[in-house]
Amino acid sequence: MKNISETFSQLQQQIDICCQRHSRQARQVRLIAVSKTRAIADIEQVIAAGQRHFAENQVQEAIDKIEALRRYPLTWHFIGQIQSNKTPSIARYFQWVHSIDRLKIAQRLQQQRSVHLPPLNICLQVNLDNEPQKAGVAPEQVLPLAKQLLDLKQLRLRGLMAVPKARTDYQQQRQVFAKLRQLFDDLRQQGIAVDTLSMGMTNDWSAAIAEGATMLRIGSAIFGERQ
Ligand SMILES: *Cc1c(COP(=O)(O)O)cnc(C)c1O
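Only a predicted model underlies this, so the values are computations on that prediction, with no experimental measurement involved.

(A) Quick peek at the site of the ligand. Lining the immediate surroundings of the ligand are V34, K36, I79, M161, V163, M201, T202, R217, I218, G219, S220 and R226. At 2.7 Å, a side-chain N or O of K36 approaches an oxygen atom of the ligand. Residue G219 places a main-chain N or O atom 2.8 Å away from an oxygen atom belonging to the ligand. Computed on the free molecule, the ligand has an accessible area of 390 Å², of which 89% lies beneath the protein chains in the complex. For the shell around the ligand, the per-class residue count stands at 6 nonpolar, 3 polar and 3 charged.

Structure follows, in structure tokens:
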């Protein structure tokens, strides 16, 4: 049996080396372990190696895991498409939502997030490659939507997220991440205090680091191929 703890630690080392190469501080690049479809026992191996941030894309599957792993001090990130009827659970169980692309969903989360909890950290998902089947706002919608979210006090706009088309060429990977970086810089220029660029997965995380990612969302490189 393959040792997930070991694979995880090796990945973390590769990320640290990549950060050095691009003059990034390793603590400014947070690894989020994407645990969707993975068994509790596998997740516990990663926790044992020191990981605390996990991401899921199905609400019920996530709740089962969050409940089962309550004894650990974990932070949970939602990265999937959001159906309206799932917002109460998301508002209750998660600390981060990376996949906001509609005001209506944000308004529901605003209403449903308990005032006894800290504001929900959110990122806007951007559809960088203009893929019709994919979630995310068009690049030109980022600024108007971001401005509307600032009024929602139970939410805290942290930044931008994207899932670009899979590309194998490193320079092409960098080019598309540079677009997200530009949109992020534009928001900051407008005085919107974002600090999070959620980009980079198993096949493109090093390009994402080179372009300024602050959160990598990685599943397969930690847990192995998904079924
Ligand atoms: C599944 C998923 C990931 C992780 O993908 P890997 O290729 O397994 O690293 C990252 N982000 C989102 C939004 C995902 O759905």
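(B) Molecular detail of helix α7 (residues 170-189). Along its 20 residues, α7 runs 28 Å from first to last C-alpha, staying within 8% of the 28 Å computed at 1.5 Å per residue. Where the residues of α7 are buried, they touch β5 (120-126), α6 (142-149), β6 (155-162), β7 (196-198) and α8 (205-210). Backbone geometry just after α7 places G191 at a positive phi near 85°.

(C) Inspection of the pairing of strand β3 (residues 75-78) at higher detail. Alternating positions in β3 separate into two faces, T75 and H77 on one and W76 and F78 on the other, with burial throughout. With 4 bridges connecting them, strand β2 (residues 53-56) and β3 associate as parallel partners. By the bridge assignment, E56 is partnered in β3 with F78. Read from β2 through helix α3 (residues 59-68) to β3, the crossover connection turns out right-handed. When β3 meets strand β4 (residues 96-100), the two strands line up parallel, connected through 2 bridges. If you follow H77 over to β4, its bridge partner there is W96. The parallel pair β3 and β4, bridged by helix α4 (residues 87-93), forms a crossover whose chirality is right-handed.

Definitions and limits used
Residues numbered from 1 in each chain as written. Predicted model: local features only at pLDDT ≥ 70, side-chain atom pairs only at ≥ 80, totals over all residues. Heavy atoms only, no water. Near = heavy atom within 4 Å. Polar contact = N/O pair within 3.5 Å; in protein donor to acceptor, adjacent residues only side chain to side chain. Areas by Shrake-Rupley, 256 points an atom, 1.4 Å probe, with all protein chains shown as cover. Nonpolar A, V, L, I, M, F, W, Y, C, P; charged D, E, K, R; others polar. Helix = DSSP H or I, 4+ residues; strand = E, 2+ residues; numbered from the N terminus. Expected span 1.5 Å × (residues − 1). Contact = heavy atoms within 4.5 Å. Buried < 20%, exposed > 50% of the residue type's maximum accessible area, 1.4 Å probe, protein only. Pairing = 2+ DSSP bridges. Right-handed = clockwise from strand over helix to strand, strands pointing away.

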